[in-house]
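Coordinate analysis (summary)
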Number of protein chains: 2
Amino acid sequence: MSGLPRPQLRIGLFGAGRVASQLGPALVAAGHHVVFVWSRTAPTAESLAAQLPGTTVLTTLAAPLPAADVYLLAVPDAAVAPLLSSISWPAGALVAHLAGALPLSIFEHQPTVRGGVLYPLQTFSPGRAIDWPTVPLCIEANDLTAETTLLDLARSLSQHVRRLDSAQRLKLHVAAVFANNFTNHLLGIAEALLAEANLPPALLAPLVRETVDKALANPPFSVQTGPAARQDAPTLAAHQAALAAHPAWQALYGQLTASIQAQL
Amino acid sequence: MSGLPRPQLRIGLFGAGRVASQLGPALVAAGHHVVFVWSRTAPTAESLAAQLPGTTVLTTLAAPLPAADVYLLAVPDAAVAPLLSSISWPAGALVAHLAGALPLSIFEHQPTVRGGVLYPLQTFSPGRAIDWPTVPLCIEANDLTAETTLLDLARSLSQHVRRLDSAQRLKLHVAAVFANNFTNHLLGIAEALLAEANLPPALLAPLVRETVDKALANPPFSVQTGPAARQDAPTLAAHQAALAAHPAWQALYGQLTASIQAQL
């Protein structure tokens, strides 16, 4: 495609929350036109639309939709199916959701729609800018033209685009929960334990950095260390005793220890 | 102390494993003299001593020890007490262990020894060089002169030295297990799930990096995301189904979900 102008797409953006508020400006930066923004809560749609050139706020789902090449459903997972069924989609509209755990088959009740998925494998938080070129974007579609358009769209945002079927995407989403949500929770427990010992959270930063550097450079199971991996019963017992004030974390410590030892 | 020469200490190093093999060269680089290395397995002691200038291998624990300002016990936790009791320590010898989970009271059966602790809060692995100036070193001693010497020694290695009592150190060690050992295990599960979906482990790297960056910049409990935190029952059920081939990880998923929800 080098030498040719990048295809500019007209995007209809549903959602104005954590994902959509970062996706909108990224789409504009990539040369696309966000035709409209819709949100269940009008003020957030207005706030996002005001940041984007030539973008209107869609105020009703009852009227015919403004024309767009791609309609993106950047709404909470639970809102995707209700939104799909509450709109009279233009015949042949390309509609894509962004959810890791929703299968492509969610589109089967909209036979006139070309359904697709554009799943960004990243965690989105208010106030933390996303580095889009590094975000893996996972594409699936039930139609070859839809797939081509979504691949083009994804490649205009990121250097890491790949096709994934629904089963792969679900597995990846589960893996992301372990690598992101659960890891964050463990770091929260660690910080809480430090606070109880009157120690600052920053104390753990070099250890956490090295843990992740090592786990990304080696198969993590192959570099597992610690009292669980070395079957160090006295240390495990001392740790259980140190967690006496936190029965739930004590139990979790035991369950994670058993899970590590099951891998040895 | 600026302008004065850094005090050079004579170190007797017990251990030649993951920690000692990185500590020995760091001590030399900081201007100290590693007088001898001892290891339960003589070849590893010989290999380490050969890398250090003027360092001999201690071949017996039965003869009087060569003189040193500090004897460091960089051996497995379980080996510290047996080693302490099997040596005729010079009267007033300063002996320090490096274990997070062992209390200072482990020295109480050696009344002629000045006991101490120099606990490096980092994970050590073969082939991964430690950046010593960034490693938090936690000091405790049962004698003021011992504490001063250990603080000087620690500050010659690291910019992050602090005094910790045994209860704080144990709590910190438990926190480190959550932040390091358990986190590594979760990353291992994530990688295994990716492999089952024929996906490369590198796919998760941007997510893991952002997870850690965010958790180190904010209280992790305050930035918790994911299906557990948003009480997303359909996604939780889909993930449980996707883990059907791994009953143990399925159980762990449920336990971590419950632990996240208990913090909401």
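Residues numbered from 1 in each chain as written. Chains lettered and ligands numbered in written order. Predicted model: local features only at pLDDT ≥ 70, side-chain atom pairs only at ≥ 80, totals over all residues. Heavy atoms only, no water.

Things to note about the UniProt feature "domain: DUF2520" (unreviewed entry) in chain A
Under the convention used in this document: UniProt positions are given in the numbering used here, feature names are shortened, and annotations may be inferred rather than shown by experiment. Numbered from the N terminus, helices here are DSSP runs of H or I no shorter than four residues, and strands are runs of E no shorter than two.
Cross-referencing UniProt, the feature "domain: DUF2520" (unreviewed entry) maps to residues 135–259 of chain A in the present numbering. For residues 135–259 of chain A, the end-to-end C-alpha separation is 30 Å, with 65% helix and 6% strand making up the annotated structure.

Thoughts on the interface of chain B and chain A
Just so we agree on the cut-off: Two residues form a contact once any of their heavy atoms are found within 4.5 Å. Throughout, the accessible surface (probe 1.4 Å) given up by two parts as they are put together, summed over both, is called the buried area. Whenever Lys or Arg places a side-chain nitrogen within 4 Å of a carboxyl oxygen from Asp or Glu, that contact is recorded as a salt bridge.
Contacts between the two partners involve 84 residues from chain B and, on the opposite side, 84 residues from chain A. Carbon and sulfur atoms supply 68% of the area that chain B and chain A bury against each other, a total of about 8,300 Å² over both sides. Contact with chain A buries surface across chain B, with R128(B), K171(B) and F178(B) losing the most and accounting together for 9% of the total. Counting across the chain B and chain A interface gives 8 salt bridges. Among the ionic pairs, E196(B) bridges to K171(A), the shortest N-O distance being 2.8 Å.

Structural notes on unusual backbone geometry
The backbone phi angle of Q231(A) is positive, close to 50°, even though this residue is not glycine. Within the secondary structure layout, Q231(A) lies in the loop between α6 (205–217) and α7 (233–242).

Comments concerning helix α1 (residues 20–29) of chain A
What sets the pattern is the α-helix's 3.6 residues per turn: residues three or four places apart point alike. Residue and element names in this part refer to chain A. Operational definition: Classification of residues uses two cut-offs on accessible area relative to the type maximum, computed with a 1.4 Å probe and protein chains only: under 20% is buried, over 50% is exposed, and between them is partly exposed.
The set of residues buried in α1 consists of A20, Q22, L23, G24, A26 and L27. In this fold, the buried residues of α1 make contact with β1 (10–14), β2 (33–38), α2 (42–50), β4 (70–73) and α4 (144–157). Just beyond α1, the residue with positive phi is G31, at close to 100°.

Quick word on the domain arrangement of chain A
Operational definition: For the purposes of this description, domain bounds are those given by an automatic or database domain assignment.
What the domain assignment reports for chain A is domain 1 (10–164), domain 2 (172–223) and domain 3 (224–264). A C-alpha centroid distance of 43 Å is found between domain 1 of chain A and domain 3 of chain A.

Re the sheet that holds strand β7 (residues 137–141) of chain A
Note on sheets: strands pair through backbone hydrogen bonds, and any given pair is parallel or antiparallel. Residue and element names in this part refer to chain A. Basically, it comes down to this: When DSSP finds at least two bridges between two strands, those strands are taken to pair. Comment: axis = line fitted to C-alpha atoms, over the contacting stretch for helices; angle = value between 0 and 180 degrees taken between N-to-C directions.
Spatial strand order, β3-β2-β1-β4-β5-β6-β7-β8: 8 strands in an open sheet with mixed pairing. Only two strands of the sheet have a single partner each, and these edge strands are β3 (56–57) and β8 (161–163). Relative to strand β5 (residues 94–97), β4 runs parallel, the two being bridged by 3 bridges. Looking at the pairing, L73 lines up with H97 of β5. Relative to the sheet, helix α3 (residues 77–85) contacts β1, β2, β4 and β5, its axis offset from that of β4 by approximately 140°.

Side note on the packing of helix α5 (residues 166–196) of chain B against helix α8 (residues 247–262) of chain B
Packed helix pairs are specified by the crossing angle of their axes together with the interaxial distance, meaning the distance between the axes. All names here are of chain B. Counted only if it meets this: Roughly parallel means an angle under 35 degrees; roughly antiparallel means over 145; roughly perpendicular covers 65 to 115; every other angle is labelled oblique. Whether a crossing is left-handed or right-handed is set by the direction in which the near helix is turned from the far one by less than a right angle, anticlockwise for left-handed and clockwise for right-handed. Each residue gets one of three labels, nonpolar for Ala, Val, Leu, Ile, Met, Phe, Trp, Tyr, Cys and Pro, charged for Asp, Glu, Lys and Arg, and polar for the others, Gly among them.
Interaxial distance between α5 and α8 falls to 13 Å at its minimum, and their mutual angle equals 130°. Looking at the two axes, α5 sits oblique to α8. The hand of the α5/α8 crossing is left-handed. Within the contact between the two elements, α5 uses H185, L186, I189, A192 and L193 and α8 uses W249, L252 and L256. Its residues assigned to classes, the contact of α5 with α8 shows 7 nonpolar, 1 polar and no charged.

Describing the relation of the copies chain B and chain A
To be explicit about the condition: Superposing copies: least-squares fit, C-alpha atoms only, residues required to have pLDDT of at least 70 in both.
You can overlay chain B on chain A at an RMSD of 0.0 Å; the transform is a turn of 180° with a shift of 0.0 Å along its axis. The relationship between the two copies is best expressed as a two-fold rotation axis. Residue T183(B), judged by its C-alpha, is the member of chain B lying nearest the rotation axis, at 2.8 Å. The residues that chain B uses at the interface reappear at the interface of chain A in 100% of cases, marking a shared surface.

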